[in-house]
Amino acid sequence: MKDFFTVSVLKPKSTYTRIFANPHKVGISSLLLFVLGICYTFTVIVGYKNGFGAVVTPMLNIPPEKYYFYEAFFGIPVFFMIAVVFGGVTRLLSVIFKGEGSFENNFSVYCTSSIIPTLITMWLPETLLIVFFPDMRAQPLGGFEVLPIWADAVRQIAGVVWPMIVSIIGLSVSEKISYWKSTLISVIAFVICAGIMVIIIR
């Protein structure tokens, strides 16, 4: 279990070799993703009660001020949908490069590469604001008033780049392909997953 949680910070190459050999990798990876989803669900529920909502107008036909109420129901399913899309897209693209991995491995890569980076760069600062300092938001529905725009941008960029780097290593181990190939595959998969995220999660 420790390997699944720490792979994004401790020797990801050798750690992924052990993870892929674990017969329970999909179940453990899914559990981590579920826990992350629970954390976010808690945050959006408190956020809704504290008057937070979608800072950017949602693409879905949901009023911004009620967005967190509905996200409490669809957040976890969307997390899993994105993980499945990542696993499927990376497996299909890897076939082009004669990869030898599996959907199960690549699904696990997404879940495990995301857990710590997302908790540290996304969930923790947003939860601190929403739960403990709701009066310090930048506008009526959200945003960081005390955090410079550049610092907030760095936080969000790190929340994407960090797990992407780890996933590049994981896909290279899973598919037995070079880093440049796994980089190309990861970037394409992350762009597709980001598109889903932008449409549904705000």
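Residues numbered from 1 in each chain as written. Predicted model: local features only at pLDDT ≥ 70, side-chain atom pairs only at ≥ 80, totals over all residues. Heavy atoms only, no water.

Engineer: In this structure, what is going on with the overall build of the chain? I would like to understand it.
Structural biologist: Counting secondary structure elements, the chain contains 7 helices and 2 strands. Tracing the chain from N to C terminus, the helices and strands come up as α-α-α-α-α-β-β-α-α. Structurally, the chain occupies a C-alpha span of about 50 × 30 × 30 Å along its principal axes. Within the chain, the fraction of its 202 residues that count as buried is 50%. The contacts in the chain between residues at least 6 apart in sequence include a share of 72% that link residues at least 24 apart. When the accessible surface of the chain is split by element, carbon and sulfur atoms take 74% of a total near 10,100 Å². Looking at the chain, you have 14 positive and 10 negative side-chain charges, and the mean spots of the two groups are 10 Å apart. (Helix = DSSP H or I, 4+ residues; strand = E, 2+ residues; numbered from the N terminus. Buried < 20%, exposed > 50% of the residue type's maximum accessible area, 1.4 Å probe, protein only. Contact = heavy atoms within 4.5 Å. Areas by Shrake-Rupley, 256 points an atom, 1.4 Å probe, with all protein chains shown as cover. Lys, Arg positive; Asp, Glu negative; His and termini not counted. Charge placed at Lys NZ, Arg CZ, Asp CG, Glu CD.)

Engineer: What should I look at first to understand the side chain of Thr 112 in this one?
Structural biologist: By secondary structure assignment, the location of Thr 112 is in helix α5 (residues 103-132). Given a relative accessible area of 0%, Thr 112 falls into the buried group. Here the side chain of Thr 112 touches Ser 108 through a polar contact of 2.6 Å, landing on its backbone oxygen. Within polar-contact distance, the side chain of Thr 112 engages the backbone oxygen of Val 109 at 3.4 Å. (Polar contact = N/O pair within 3.5 Å; in protein donor to acceptor, adjacent residues only side chain to side chain.)

Engineer: I keep staring at the environment of Ser 113 and nothing clicks. Help me out?
Structural biologist: With respect to the element layout, Ser 113 can be found in helix α5. Along the sequence, Ser 113 and Trp 123 sit 10 residues apart, while their C-alpha atoms lie 15 Å from each other. Apart from the residues lying within four places of it in its own chain, the contact partners of Ser 113 are Ser 8, Tyr 16, Pro 163, Val 166 and Ser 167. A polar side-chain atom of Ser 113 sits 2.8 Å from the main-chain carbonyl oxygen of Val 109. At 3.3 Å, the side chain of Ser 113 and the backbone oxygen of Tyr 110 are in polar contact.

Engineer: Before we go on, may I ask you to explain unusual backbone geometry in this structure?
Structural biologist: As a rule of thumb, non-glycine residues mostly have phi less than zero, and peptide bonds are mostly trans rather than cis. Notably, Lys 11 is not glycine yet its phi reads approximately 40°, a positive angle. With respect to the element layout, Lys 11 can be found in the loop between α1 (2-6) and α2 (12-21). You can call Lys 11 exposed: its relative accessible area is 67%. For Lys 98, which is not glycine, the phi dihedral falls at a positive 60°. Relative accessible area serves as the criterion here: at 72%, Lys 98 is assigned to the exposed category.

Engineer: When you look at the environment of Ile 168 in this model, what are you seeing that I'm missing?
Structural biologist: Tracing the backbone through its elements, the reader meets Ile 168 in helix α6 (residues 149-175). Exposure remark for Ile 168: the relative accessible area of 12% places this residue in the buried category. Sequence separation of Ile 168 and Met 122 is 46 residues, and the distance between their C-alpha atoms is 20 Å. For Ile 168, the residues in contact, after removing those within four places along its chain, are Tyr 179, Ser 182, Thr 183 and Ser 186.

Engineer: Please clarify how helix α4 (residues 67-96) should be interpreted in this entry.
Structural biologist: Counting along an α-helix, one turn takes 3.6 residues, and residues three or four places apart therefore face a common direction. Most pronounced at Phe 73, the bend in α4 amounts to some 50°, and the proline Pro 77 follows within four residues. In the stretch just after α4, Lys 98 is the one whose phi turns positive, near 60°. (Bend = angle between axes of the 7 residues up to and from the residue.)

Engineer: So what exactly am I meant to see when it comes to the packing of α2 against α6 here?
Structural biologist: Relative orientation and spacing of two packed helices are given, respectively, by the angle between their axes and the distance between those axes. In the contact formed by α2 and α6, the axes pass within 9 Å of each other and the chain directions differ by 50°. Judged on the interaxial angle alone, α6 and α2 are oblique. For the pair α2 and α6, the sense of crossing is right-handed. Taking contact as the criterion, the partners of Pro 12, Lys 13, Tyr 16, Thr 17 and Phe 20 in α2 are, on α6, Val 166, Ile 169, Gly 170, Val 173 and Ser 174. (Axes fitted to C-alpha atoms, helices over the stretch in contact; angles between N-to-C directions. Parallel < 35°, antiparallel > 145°, perpendicular 65-115°, else oblique. Left-handed = near helix turned anticlockwise from the far one by under 90°.)

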